Amino acid sequence: EAKSILKVVSEKTEVVYFDTEIAHKEVLSDIKKVERYASGGTNFDCVVKYANEKRPDRLIMLTDGDASLSIKPLMPIVWVINNKHSKSAFEHLKGEKVFLNQEKAK
């Protein structure tokens with residue numbers, strides 16, 4: 001099932017690497033291996049601003065969640081968070097939250 005889904009969405013899915021600014025962009029089907037293009041402080045605003053211009057159906061953010069967001073997103077965001085802090089530490093991030101190695105946040 002996952003392979004079938006990727007065949008449908010991989011040409012339409014853009015992966016954006018960022019920290020305080022966008023460092024690299026590529027289409028999912030073009031990715032040969034995941035590389036690190038950015039590291040350091042995090043600013044979600046640069047990605048949300050870019051997404052607001054592109055108007056995707058959904059934005060999926062893979063993050064440790066340690067940043068704020070001041071720009072209003074024009075699409076739903078799914079936050080995939082890899083962080084050991086309590087779930088209440090991420091209440092400022094609006095949208096669905098999925099915690100890696102933990103149960104789904106409400």
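Preceding this section is the structure that the text describes.
Right, let's walk through the structure included here. Being a predicted model, the structure only gives us computed values, none of them experimental.

**Let's talk about the pattern of salt bridges**
Next, step 1: Counted by the stated rule, this structure contains one salt bridge.
Next, step 2: The partner of Glu 14 in a salt bridge is Lys 54, with the nearest N and O atoms 3.7 Å apart. Placement of Glu 14 in strand β1 (residues 14-18) and of Lys 54 in helix α2 (residues 44-54) is noted, with a sequence separation of 40 residues between them.
Next, step 3: The partly exposed category is assigned to Glu 14, whose relative accessible area is 31%.

**What about the environment of Gly 40?**
Next, step 1: Within the fold, Gly 40 resides in the loop between β2 (22-27) and α2.
Next, step 2: For the pair formed by Gly 40 and Thr 20, sequence separation is 20 residues and the distance between their alpha carbons is 7.7 Å.

Rules used in this analysis
Residue indices follow the written sequence of each chain, beginning from 1 at its first position. A pLDDT threshold of at least 70 governs which residues receive local features in this predicted model, and a stricter bar of 80 or more applies before side-chain atom pairs are shown or counted, although totals over entire chains, interfaces and linings include all residues. Side-chain calculation: all heavy atoms of the structure are included, whereas hydrogens and water are not. For salt bridges, the criterion is a side-chain nitrogen of Lys or Arg within 4 Å of an Asp or Glu carboxyl oxygen. Per the convention used, a helix needs a DSSP run of H or I reaching at least four residues, while a strand needs a run of E reaching at least two, with both numbered from the N terminus. Residue exposure (1.4 Å probe, protein chains only): buried if accessible area is under 20% of the type maximum, exposed if over 50%, otherwise partly exposed.

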